[in-house]
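Overview (structure and organization)
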Amino acid sequence: SFDARTQATLSLVLSTIFFATFYVTFLAYKLMRGEALGRLDVVCMLVNSFIYFGYGYLTLDTIANGEQYLGLFTVWTALLHFAVCMVIYKQQGNLGDIFLFVAGMVLVFLTIAVPVQLEGNWVTLVWALEAALLFWIGRTKRFSTYEKLSYPLMALAVLSLFHDWSEHYPGFYYYLYEF
């Protein structure tokens, strides 16, 4: 009487509870004590987030038609981080290192969601728009972290553009090196 959907749902619910327990406990401890994030703290939070994401991704990918929900799950992960980001902002009111780290996690998972859900030119377009938005926020609001985050995203968008051109224009590389 094994039902893959029921087991996948149960698996996702329990992994979300485990992720949220560790995530909230860790952040609450740091926020209540007013401690800054150390390198080991960042590594622990990254490992927790990416194990949760990887486990959920693989769980959805194994069920029938589960690949249709992979982008939604990636956005769900970004929304979890966004909710925590808003709680931290409401509590602290300033943009401390914990807030910036969690906001960065939102951006990372939104960036990952683009190629998971979209294909071809849409990936390039969304990454270019995201990079432009981050650059604009970094410059106008004087958040140098966002401006610095926009540069790797610009590089990703350019690499994606070259990939798109190579797919749609087979002679692109020939003409590129002709001169």
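Above: the structure in question.
What you see is a predicted model; the values in this text were computed from it and never measured. (Residues numbered from 1 in each chain as written. Predicted model: local features only at pLDDT ≥ 70, side-chain atom pairs only at ≥ 80, totals over all residues. Heavy atoms only, no water.)

1. Some points on the side chain of Thr-74
The residue Thr-74 is located in helix H3 (residues 70-92) in this model. Ignoring any residue separated from it by four or fewer positions in sequence, one finds Thr-74 in contact with Phe-53, Phe-109, Ile-112, Ala-113 and Val-116. (Helix = DSSP H or I, 4+ residues; strand = E, 2+ residues; numbered from the N terminus. Contact = heavy atoms within 4.5 Å.)

2. Describing the pattern of salt bridges
Should their charged atoms come close, side chains of opposite charge can pair. Applying the stated criterion across every chain, the model contains three salt bridges. The residue Lys-30 makes a salt bridge to Glu-35 at a minimum N-O spacing of 3.0 Å. Given the relative accessible area of 7%, Lys-30 is considered buried. Judged by relative accessible area, Glu-35 falls into the partly exposed class, the value being 32%. Among the ionic pairs, Lys-30 bridges to Asp-41, the shortest N-O distance being 2.9 Å. With Lys-30 in helix H1 (residues 4-33) and Asp-41 in helix H2 (residues 39-62), this residue pair connects regions lying eleven residues apart in the sequence. (Salt bridge = Lys/Arg side-chain N within 4 Å of Asp/Glu carboxyl O. Buried < 20%, exposed > 50% of the residue type's maximum accessible area, 1.4 Å probe, protein only.)

3. Some remarks on the packing of H2 against helix H4 (residues 97-117)
Here H2 crosses H4 at 30°, and the two axes come no closer than 12 Å. The pairing of H2 with H4 is recorded here as roughly parallel in orientation. For H2 against H4, the interelement crossing comes out right-handed. On H4, the residues that touch Val-42, Met-45, Leu-46, Ser-49, Phe-50, Phe-53 and Tyr-57 of H2 are Phe-101, Met-105, Val-108, Phe-109, Ile-112 and Val-116. (Axes fitted to C-alpha atoms, helices over the stretch in contact; angles between N-to-C directions. Parallel < 35°, antiparallel > 145°, perpendicular 65-115°, else oblique. Left-handed = near helix turned anticlockwise from the far one by under 90°.)

4. Observations regarding the environment of Lys-90
Mapped onto the elements, Lys-90 comes out in helix H3. Measuring from C-alpha to C-alpha, the distance between Lys-90 and Ala-113 comes to 26 Å, with 23 residues separating the pair along the chain.

5. Things to note about the packing of helix H5 (residues 121-140) against helix H6 (residues 144-168)
Packing of H5 against H6 leaves a shortest axis separation of 8 Å and a crossing angle of 160°. In terms of orientation, H5 lies roughly antiparallel with respect to H6. Viewed along their axes, H5 and H6 form a crossing whose handedness is left-handed.

6. What about the packing of aromatic side chains?
All told, the structure shown has ten aromatic pairs when counted by the stated rule. Relative to Phe-73, the ring of Tyr-52 has its centre 5.5 Å away and its plane inclined at 55°; by these criteria the two rings are tilted. Pair noted here: Tyr-52 is in helix H2 and Phe-73 is in helix H3, with a separation of 21 residues, a long-range link. For Phe-73, a relative accessible area of 6% puts it in the buried group. Ring centres of Tyr-89 and Phe-99 lie 5.7 Å apart, and the angle between their planes is 45°; on these two criteria the pair is classed as tilted. Here Phe-99 lies in helix H4 and Tyr-89 lies in helix H3, a separation of ten residues in the sequence. Assessed through its relative accessible area of 10%, Phe-99 is described here as buried. Three or more aromatic residues link up through ring pairs in this structure, and these residues are Phe-19, Tyr-23, Phe-50, Tyr-52, Phe-53, Tyr-57, Phe-73 and Phe-109. (Phe/Tyr/Trp six-rings, centres within 6.5 Å; stacked < 30°, edge-to-face > 60°.)

7. Looking at H1
In a regular helix each residue adds 1.5 Å, so 30 residues correspond to 44 Å; H1 covers 43 Å between its end C-alpha atoms and thus fits that length. Ala-8, Ser-11, Leu-12, Ser-15, Thr-16, Phe-19, Tyr-23, Phe-26, Leu-27, Lys-30 and Leu-31 are the residues of H1 that are buried. The inward-facing, buried residues of H1 contact H2, H3 and H4. Positioned one or two residues after H1, Gly-34 has a phi angle of 70°, which is positive. (Expected span 1.5 Å × (residues − 1).)

8. Structural notes on the nonpolar core
Counting residues in hydrophobic clusters, the biggest one holds 36 residues, and the most contacted among them are Tyr-23, Leu-27, Met-45, Ile-88, Ile-98 and Val-102. Those elements that provide at least two residues to this core are H1, H2, H3, H4, H5 and H6. At nine residues, the largest contribution of residues to this core is made by H4. Among residues more than four places away in sequence, those in contact with Val-102 are Tyr-23, Leu-27, His-81, Val-84, Cys-85 and Ile-88. (Core = buried A, V, L, I, M, F, W, Y, C linked by side-chain atoms within 4.5 Å.)

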